[in-house]
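# Remarks on the overall topology
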Amino acid sequence: MPGLTPEQLTSFHQNGYLVLPDYLTPTEITACLTETHHLLDTFPLDTHPLTQFTTGDNPTTTTQHVGDEYFLTSGDKIRFFFEPDAFAPSDPTSPTSRPTLTKPKHLAINKIGHSLHTLSAPFRAISLSEKNAEIAKSLGFKDPRVLQSMVICKQPGIGGAVPSHRDSEFLYTDPPSAVGWWFALQDAGSGNASLGMYRGSQRVGVKRRFVRLGSEEGTGTGTGFEAGENVGREEDLEVLDVKAGSLVLIHGNVLHKSERNTGDRSRFAYTFHVIEGAEGWTYDERNWLQPTGEGFSRLYQ
Ligand code: FE2
């Protein structure tokens, strides 16, 4: 197993990201898409709290949408988060009534998370693999741990934009160590909510944090962004055009975003993150996702 070449490593460190085309086999892509459709078709709606998900910049909105039990306890489960725009306007005469979807549920989901890498066989196979372990070794990880895996659906017309952010804001370690593994399960080009990457912005470092609110110990029931601004330079922006099966490695400190899906095709992607679990790196107790059971999955021993 080769891991990354010296040229690929140099490119990753220079730009803060690296595209590896044809990383997944057609069989792996099909297995993951079939699994995604199965999950979307079969999850029960009647018992769902109709939680939305947004990583928008408004802390109040964010808190309202994601700061609940369903989200905060999803780190070791497979759960379903709706697009904010998938709901009909609430009835002002009945403020406590259950929200109504404007689309069939399988077309209304923003993402599925956050432990596909342990609970779903096809996603586990492309997450906890030898090939990924070799890449982690190339990147210098000593005890890489996999966490926060999810399918991002980006359904046509409704798939919302993800504003500029750094993944280490969500999965902060001291010192920062997060790297995102982002797989295109379908083609992701311009106009179809592809990734926008700010070349070299990893050198700026983490400017804000997404944390559990409500207590110093991180036991609060809400989440939100602490103060801090993410400003990318337009001249550094590269909008990626990647084909299904590509892997994009994303430095945890690199600023990136994706646009709303204005196209007529869905853009399914799968992503998980790796952090350093070795001594000398501390996983922050205010991160939204906290370890349960035996802790985060080891990529290798
Ligand atoms: Fe991200």
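Scroll up a little and you will see the structure.
Right, let's walk through the structure included here. Computed from a predicted model, the values in this text were never measured in an experiment. (Residues numbered from 1 in each chain as written. Predicted model: local features only at pLDDT ≥ 70, side-chain atom pairs only at ≥ 80, totals over all residues. Heavy atoms only, no water.)

### A look at the side chain of Asp167
Basically, it comes down to this: In this description a helix means any DSSP run of H or I spanning at least four residues, a strand means any run of E spanning at least two, and both kinds are numbered starting from the N terminus. Relative accessibility under 20% of the residue-type maximum defines a buried residue, over 50% an exposed one, and the middle range a partly exposed one, all with a 1.4 Å probe and only protein chains included. Counted as positive: Lys and Arg. Counted as negative: Asp and Glu. His and the chain ends are not counted at all. A pairing counts as a salt bridge when a side-chain nitrogen of Lys or Arg comes within 4 Å of a carboxyl oxygen of Asp or Glu. Should any heavy atoms of two residues lie within 4.5 Å, those residues are considered in contact.
Topologically, Asp167 is positioned in the loop between β5 (162-165) and β6 (173-174). Although Asp167 is buried, it forms no salt bridge, and the closest oppositely charged side chain is Arg208 at an N-O distance of 9.2 Å. Apart from the residues within four sequence positions on either side, Asp167 is in contact with Gly180, Ile250, Gly252, His256 and His273.

### A word on the environment of Val242
Considering the arrangement of structural elements, one finds Val242 in the loop between β11 (237-239) and β12 (247-251). Classification of Val242 as buried rests on a relative accessible area of 4%. In this structure, the C-alpha to C-alpha distance between Val242 and Ala188, residues 54 residues apart in sequence, is 5.3 Å.

### Thoughts on helix α2 (residues 26-42)
Operational definition: Every helix has an expected span of 1.5 Å times one less than the residues it contains.
The end-to-end C-alpha distance of α2, which contains 17 residues, comes to 24 Å, matching closely the 24 Å that a straight helix rising 1.5 Å per residue would cover. Buried positions along α2 lie against β2 (78-82), β3 (109-114), α5 (116-119), α6 (121-127) and β4 (144-152).

### What about the pattern of salt bridges?
For the structure shown, the criterion picks out 12 salt bridges. Arg260 is the partner of Asp85 in a salt bridge, and the nearest nitrogen-oxygen pair spans 3.2 Å. Placement of Asp85 in the loop between β2 and β3 and of Arg260 in the loop between β13 (256-258) and β14 (269-276) is noted, with a sequence separation of 175 residues between them. Under the relative-accessibility criterion, Asp85 is labelled partly exposed at 44%. The closest approach of N and O atoms between Arg199 and Glu238, which form a salt bridge, is 4.0 Å. Placement of Arg199 in the loop between β8 (195-198) and β9 (210-213) and of Glu238 in strand β11 is noted, with a sequence separation of 39 residues between them. Since its relative accessible area comes to 37%, Arg199 is described here as partly exposed. Taken together, the shared-partner salt bridges connect Asp143, Arg145 and Arg298 into one network.

### Some details on helix α7 (residues 130-138)
What α7 keeps buried is the set Asn132, Ala133, Glu134, Ile135 and Ala136. Tucked into the core, α7 has its buried residues touching β1 (17-20), α6, β4, β7 (179-184), β12 and β14. Phi turns positive, to about 95 degrees, at Gly140, one or two residues after α7.

### Digging into the packing of aromatic side chains
The following threshold applies: Between 30 and 60 degrees the pair is tilted, below 30 it is stacked and above 60 it is edge-to-face, where a pair is any two Phe, Tyr or Trp rings, Trp via its six-membered ring, whose centres lie within 6.5 Å. Charge over a ring is defined by NZ of Lys or CZ of Arg lying within 6 Å of the ring centre and within 35 degrees of the ring normal.
One pass over the structure, following the stated rule, counts 16 aromatic pairs. Ring geometry for Phe71 and Phe81: centres 6.0 Å apart, planes at 85 degrees, overall edge-to-face. Here Phe71 is found in helix α4 (residues 69-72), whereas its partner Phe81 is found in strand β2, with 10 residues between them in sequence. Of the two residues, Phe71 and Phe81, both sit in the buried class. Clustering of aromatic rings is evident, with ring pairs tying together Tyr23, Phe123, Trp181, Phe183, Tyr270 and Phe272. The ring of Phe43 is capped by Lys105, whose NZ or CZ atom sits 4.2 Å from the centre of that ring. Taking NZ or CZ as reference, Lys137 lies 5.0 Å from the ring centre of Tyr300, over its face.

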